[in-house]
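Below, each chain spelled out in residue letters.
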Amino acid sequence: MEFEKRKAATLSSLASSKTDKSPKGTVDAHIIPLINTINSHPSYFTTSSCSGRISILSQPKPASTPPANKKKARGGSWLFISHDLADPNSLLPILFTTESTHSADGHVESETGSAAESGTELVFRFEPLIIAVECRDIEAAQFLVSLAIKCGFRESGITSANNKRVIAGIRCSIRMEVPLGDSDRILVSEEYARFLVDLANQKMEANWKRTQGLLSGLRENGFVGSSVSDNGEHEDGHDDQLERTANGYSPIGMVGGVGEASDCRLSASPIVVAGEPVEKLFLWGHSACILDRGSYNSVLVFGGFGGMGRHARRNDCLLLDPFGGKLKAIDVEGAPSPRLGHTASLVGDFVFVIGGRADPSNILNDVWVLNTAKLEWKLVQCNGSVFPPRHRHAAAAVGSNIYVYGGLNSDTILSSLHVLNTENLQWLEVLVNGDGEQPCGRHSHSMVAYGAKVFMFGGYNGERALGDLYSFDVQTCMWKLEKTAGRSPHARFSHSMFVYKNFLGVIGGCPVGQHFQELALLDLQFLVWKHVTLDYIGKELLVRTTANVVVDDLFLIGGGAACYAFGTKFSEPLKVNLLPLVSLGDKFMPTEKNVNARVSHVGNVEALTQSPVLNSEAEKHLLVPSNFVLQLEKKYAKFGKDILKNFGWLDLGRKVYTQEDGLHICFPVTEKFSAMFLEKQDLDGDVFEEGNDTCVAKPFTGGILLNQVSCSTALNFLKKCGATNLADDVGEVRKTSKSPFQTMNESIALLIKQKDLAETLLEQLPNRWERLGDIVVLPATSFKDPRWDSIGEELWPIVARSLNTRRVARQGRVASTGTRDSTLEILVGDNGWVDHRENGILYSFDATKCMFSWGNLSEKLRMGNLECKDEVIVDLFAGIGYFTLPFLVRAKAKLVYACEWNPHAVEALRHNLEANSVSGQCIVLQGDNQMTAPKGIANRVCLGLLPTSEGSWGTAVRAIRSEGGMLHVHGNVKDSEESLWTEHVMKSIDELARSEGHCWEVSIEHVERVKWYAPHIRHLVADDETMTFAKMIMILEKEPHTIKESKDTGCYRIHLDGVLQHLATWFDAANPTATIKAKEFFKTPQSGSNQGWDKSHGTHEVHDESSPQAATQNFSVGGHLGGDEHKTSVSVAILVGMNIKLQCGDASVI
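Residues numbered from 1 in each chain as written. Predicted model: local features only at pLDDT ≥ 70, side-chain atom pairs only at ≥ 80, totals over all residues. Heavy atoms only, no water.

As named in an unreviewed UniProt entry, the chain is tRNA wybutosine-synthesizing protein 3, taken from Dovyalis caffra. Under Pathway (unreviewed entry), UniProt gives the following word-for-word description of the chain: "tRNA modification; wybutosine-tRNA(Phe) biosynthesis." (UniProt positions renumbered as here; feature names shortened; annotations may be inferred.)

Next comes the structure, spelled out in structure tokens:
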């Protein structure tokens, strides 16, 4: 009895939503099916587990003298930990510039502290799966250990066996531990760290494969999981599970409760966007509606934050063809102001955009209407109840009414429900019936309409995230807090919600965590929550995303977040096929009354196809040993494959293939399955003939987990989907899968054995390489031993075949010559010309003569996203067109002057300009840019040379037009000297400009951290902006916040301190004599006042006149204005009715 008590207590804690005592606080998602399978057996339960992890550990250095007492762990803290594949781009910055402790799982490990303490060792580790299992007795432990060893966990054993408890440990030896140095000094290079990450990821994949093998082995030996038999009773004997589920508790023994869908996945795939750049959909806080165009649908996207170029609030209207992927920007006159956090509701042919935030101090309550037929915007005036400004609210349309709840107005969280009648444009604040249950105020929640009800879930109330579900009945005007069964979704805000058939779906949101790797589904008929895992996990951040359903697909557009540590992240548009939910919908507690409706959802109203019934035992005996396949329609293929894999019925030794009709998929199945399928068919007789659904008409109360259903139920599902058991006419055997490295290793091992060379040479084989076009590029250190040269003629073809390529090369360092030639060595193949496509741009070049940098991908994309229409650009180091092509192809520059002195690069550049159809917008200038670069014509100059471009800064200044422009200055900089470098760039450009006679204001607008070039060395790009005084005044005209109301004097006063500083700098440069006259309008007359203001660059005098309530400000600076260019009379309009002019003699000048 003690064993049962301990098991019940342990499984109860597993099912609890509270965090456990592990550093992560929850069970790893990868092993939840394995944990549930072990716990389903009456003789076992798990006490602790880890699915495997990749980490960097900061631990104290060992003591100089070993302790006399028993050895203890040294402790320490994690700087990085991931239970999934590690991303080197996330890990390396943490390693080389440790600021805080991050987890690749998306959260900060709470117990780790911040940075590594001084004097600690840093160790890179991979640790495989380990599970501790308490067993009922020693015989049970011996059976489990024997099975684990058979499945590859050869270090498994009984760790404790006494009168009280028997503990077995399941573990294996595919671990890794590599010292990296200490907190004060990293002893490995970035390249070596990347190698370690790749190696650890390989071990993680091997660990997962072995874990899956253990799961299959358990299920084949009586560990069946929590399943439901045909009579609806739980086979594991827990009779109280249904009662607990109905009362909102998780069932005993299942991690996360009934409906935890670790084994049930929906396919999520990126949408391939054509037409407009996909970056236009990199948004959050936008809105999206489905427009029904009759034969096709399109998604209308409006507003939001992000987009092309500099991220900002948008008012673009975009139409996305959800199935074709074509994105089109529609030009609609009189669009609303840019905004985010608004709502858009479709009523008929009209889209109603309500509220939002135009800027931090401008919260909106306006209503705009887009006529989708005429593509016309209109600002409508609404009457009725007062509708306060708000953003981050939610809205849902029922008939011609739009229901709006909650939102945020400055610091006020709203709790009112307003209804907009779109026919008479009247707002009505709904006074809730006193018998209802009023939800609290909230923002960042979600609402959807279903029938005559509006459902609202989650949000933020100012103190915490919410996880409640309310419904509002539009007929009775009553709120109701819904009581649901199953595990409710975790509390969240900034999520998305949608309705598909009779399901309400909740996805994404904040706070980001492991539980948001799932899609939560509420069956609106039975009010039961279920959960389905999406296969996009770890790739996208679904925060402030829009979710829209078109037919059987869910389209997720936008989303993301801004993080101080990692910058701004936007999500790619995704498509999720929801059709498998229809099949899985049978698990939502159906009654006999609604079985037929669900069968029609599956699309199987016709009689189900079946194999001929075998009447004699002899016939069965002859057929069972043969190879069989299970034939399914394509639309059920994913669901059917999941069932076959889950129950071990899929024959992995043969290949899946498509029938000649293209409509059916054939899955090779085991002999055991064929026998079961035929026996089931024989016993069921004509059960599956048209209209007879008695096989699924019995009450079914299982969860959505495949391991929670019996074999009999799974067979019923397959037959219901029209599965047919056929003899395998193809029988193509699947070859044993080998990695390219394994193939290369085995082939070369045979070669060196034939040539009688030392086997130690195999240690020099590369285990990583890059692909440049169709060339496999090996590391520079590959095959460097002279003994390889003796077998080169036979060696290189073997390498090429192993890596499945026709051309192989070996990397070399970029030549230190001025032309920076490549030293790539072709080992197999005739030449080094390759085609490489990147960001939609084709680059062709001879890899043996021209260098190509992979690390500059993000910077090339950034340059391509700039708004360069009508700009003239000078690229001083054009190369093969690294930045020239993005400027032309993506940024749509008017003209680019491309300077390059490497003749091989010039050849490739000319070819690439023709290949990308932009040769007419580019002038190639071959030779030294100091001699060839144009002067005084550029809006923008690119200086993309490493390690420094300083030798050409003067050339860049001379290329900029006299009004000023932008310089993109590249350089390699120590991470501790970034601010010094940017100050040096700004000061140097300023001095060079003065020496050329330019009166420019020079500033660093932005510094882009492109990549780590070497340990503690960053590749930086400084965006250095130069502008004349005239341009500065024009900018000041567009900044109304420079005028503020003076609270003490009651007057409107222009704040000129900052302006005068700019003027003084400009006057110092030009040495002028000028007078600035400004008119200041007073709200309250001031008499007898006399103000004085003195600065080193001039004198400011204010003389007040009570009538006509105006004063004159005079600023005089000594000096002389020279040059005919200053004689032009220019009038400058100043903000809010003020006028500023520079006067010199008779002329007003700038």
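There's more to say after this.
J.: Is there a simple way to explain the environment of Cys50 in this structure?
T.: Counting through the fold element by element, Cys50 comes out in strand 1 (residues 44-50). Taking relative accessible area as the criterion, Cys50 reaches 11% and is therefore assigned buried. When sequence neighbours within four positions are dropped, the list of residues in contact with Cys50 reads Asp28, Ile31, His83, Pro128, Leu129 and Ile130. (Helix = DSSP H or I, 4+ residues; strand = E, 2+ residues; numbered from the N terminus. Buried < 20%, exposed > 50% of the residue type's maximum accessible area, 1.4 Å probe, protein only. Contact = heavy atoms within 4.5 Å.)

J.: Please explain the pairing of strand 16 (residues 297-302) as it appears in this structure.
T.: Two faces, one strand: in a regular strand the side chains alternate between the faces of the sheet. Burial within strand 16 is extensive, with 5 of its 6 residues counted as buried. Sheet topology places strand 15 (residues 287-292) next to strand 16; 6 bridges connect them, and they run antiparallel. From the neighbouring strand, Ala288 faces strand 16, where its bridge partner is Val301. Sheet analysis places strand 16 next to strand 19 (residues 317-320), joined by 4 bridges and oriented antiparallel. Of the residues in strand 19, the one forming a bridge with Val301 is Leu318. (Pairing = 2+ DSSP bridges.)

J.: What exactly am I supposed to notice about the confidence of the model for the chain here?
T.: When pLDDT drops low, the exact placement of atoms in the prediction is not to be read closely. Summary statistics for the chain give a mean pLDDT of 75 and a share of 71% for residues scoring 70 or more. In this model, residues 98-115 is a region of pLDDT below 50 whose contacts with residues beyond four sequence positions or in other chains number 44 contacts. Note that residues 684-704 has pLDDT below 50 and, in this model, 52 contacts with residues that lie over four places away or in other chains. (pLDDT = per-residue confidence, 0-100.)

J.: Sorry, what's going on with the pairing of strand 23 (residues 362-371) here?
T.: The buried fraction of strand 23 amounts to 8 of the 10 residues, a majority that puts the element mostly inside the structure. Looking at chain direction, strand 22 (residues 350-359) and strand 23 are connected through 8 bridges and run antiparallel. Opposite Ile354, over in strand 23, you have Val367 as the bridge partner. With antiparallel pairing between neighbouring strands as the criterion, strand 22 and strand 23 make up a hairpin whose turn holds 2 residues. As paired strands, strand 23 and strand 24 (residues 376-380) are joined by 5 bridges and run antiparallel to one another. By the bridge assignment for strand 24, Leu370 is matched with Trp377.

J.: Looking at this structure, how should I read the packing of helix 3 (residues 88-96) against helix 5 (residues 190-219)?
T.: Each pair of packed helices can be summarised by the angle the axes make with each other and by the distance between the axes. Between helix 3 and helix 5, the least distance of the axes is 10 Å, while the angle of their chain directions is 135°. On the basis of the axis angle, helix 3 is oblique to helix 5. In this structure, helix 3 crosses over helix 5, and the sense of that crossing is right-handed. Across from Pro88, Asn89, Leu91, Leu92, Leu95 and Phe96 in helix 3, the residues of helix 5 making contact are Glu190, Ala193, Arg194 and Val197. Residue composition of the contact of helix 3 with helix 5, by class: 7 nonpolar, 1 polar and 2 charged. (Axes fitted to C-alpha atoms, helices over the stretch in contact; angles between N-to-C directions. Parallel < 35°, antiparallel > 145°, perpendicular 65-115°, else oblique. Left-handed = near helix turned anticlockwise from the far one by under 90°. Nonpolar A, V, L, I, M, F, W, Y, C, P; charged D, E, K, R; others polar.)

J.: Even after reading the chapter, I still don't get the pattern of salt bridges, so can you show me in this structure?
T.: Oppositely charged side chains are able to pair whenever their charged atoms sit close together. If you walk through the whole model with that rule in mind, you get 29 salt bridges. Taking the shortest distance from any N to any O, the salt bridge between Glu134 and Arg6 comes out at 2.6 Å. Of the two residues, Glu134 is situated in strand 6 (residues 130-135) and Arg6 in helix 1 (residues 2-15); the sequence distance between them amounts to 128 residues. Since its relative accessible area comes to 24%, Arg6 is described here as partly exposed. Note that Lys755 and Glu794 form a salt bridge whose closest N and O atoms lie 2.8 Å from each other. Of this pair, Lys755 sits in the loop between helix 13 (740-754) and strand 49 (770-772) while Glu794 sits in helix 14 (residues 792-802), and the two are 39 residues apart along the sequence. You can call Glu794 partly exposed: its relative accessible area is 38%. One salt-bridge network, held together by shared partners, links Arg53, Arg125, Glu127 and Glu177. (Salt bridge = Lys/Arg side-chain N within 4 Å of Asp/Glu carboxyl O.)

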